[in-house]
Amino acid sequence: GTWRWAGFEILTAAFMQSLSLLWFTTEMCSREGSSCGLFFGSKCDLAAVVFWCLASIAIFVKFPKPYPKPLRDEIETAGMLGHAGGGGSISNEIPMGDYTGSQRLPKGTFM
């Protein structure tokens, strides 16, 4: 699903953001007489890494696994033929994968 890819992209952003902190390992920071410390920019980088990681974890934990949705043509065809339900019921004709009703959020909720 799309959400899972977004989680991986955000995790990649956290990794890339953390690479900006490699500056503190350079020779310029390790020379005697020079000092490198955490100032406003590097503190913001650390906060960004934490928030990127939290966002990716929230995506991996919160959002359900995707399930295949039936195509419009399959629904119309099953309804016209009236398979197994007699009156055009399509509830048993279209495979829905591993879907269970508990995977959906209640209507009107975000998280």
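Residues numbered from 1 in each chain as written. Predicted model: local features only at pLDDT ≥ 70, side-chain atom pairs only at ≥ 80, totals over all residues. Heavy atoms only, no water.

**Student:** Explain the confidence of the model for the chain to me, please; I cannot follow it from the model alone.
**Tutor:** Residues shown with low pLDDT carry predicted positions that ought not to be read at fine detail. The share of residues in the chain with pLDDT of 70 or more is 59%, and the mean pLDDT across the chain is 75. Considering each helix and strand of the chain separately, the mean pLDDT is smallest for helix α4 (residues 72–81), with a value of 61, and largest for helix α3 (residues 40–62), with 92. Contacts of residues 84–90 to residues separated by more than four positions or lying in other chains number eight contacts, the stretch itself having pLDDT below 50. (pLDDT = per-residue confidence, 0-100. Helix = DSSP H or I, 4+ residues; strand = E, 2+ residues; numbered from the N terminus. Contact = heavy atoms within 4.5 Å.)

**Student:** Would you take a moment to explain the pattern of salt bridges for this structure?
**Tutor:** Opposite charge on two side chains permits them to pair, given that their charged atoms come into close proximity. The tally for this structure, following the rule as stated, stands at one salt bridge. Its salt-bridge partner being R31, residue E27 comes within 4.0 Å of it at the nearest N-O pair. With a relative accessible area of 57%, E27 lands in the exposed category. (Salt bridge = Lys/Arg side-chain N within 4 Å of Asp/Glu carboxyl O. Buried < 20%, exposed > 50% of the residue type's maximum accessible area, 1.4 Å probe, protein only.)

**Student:** Even after reading the chapter, I still don't get helix α1 (residues 2–19), so can you show me in this structure?
**Tutor:** One turn of an α-helix holds 3.6 residues; hence residues three or four places apart share an orientation. Compared with an ideal rise of 1.5 Å per residue, which puts 18 residues at 26 Å, α1 spans 26 Å between its outermost C-alpha atoms and is within 8% of the ideal. Contact partners of the buried residues in α1: α3. (Expected span 1.5 Å × (residues − 1).)

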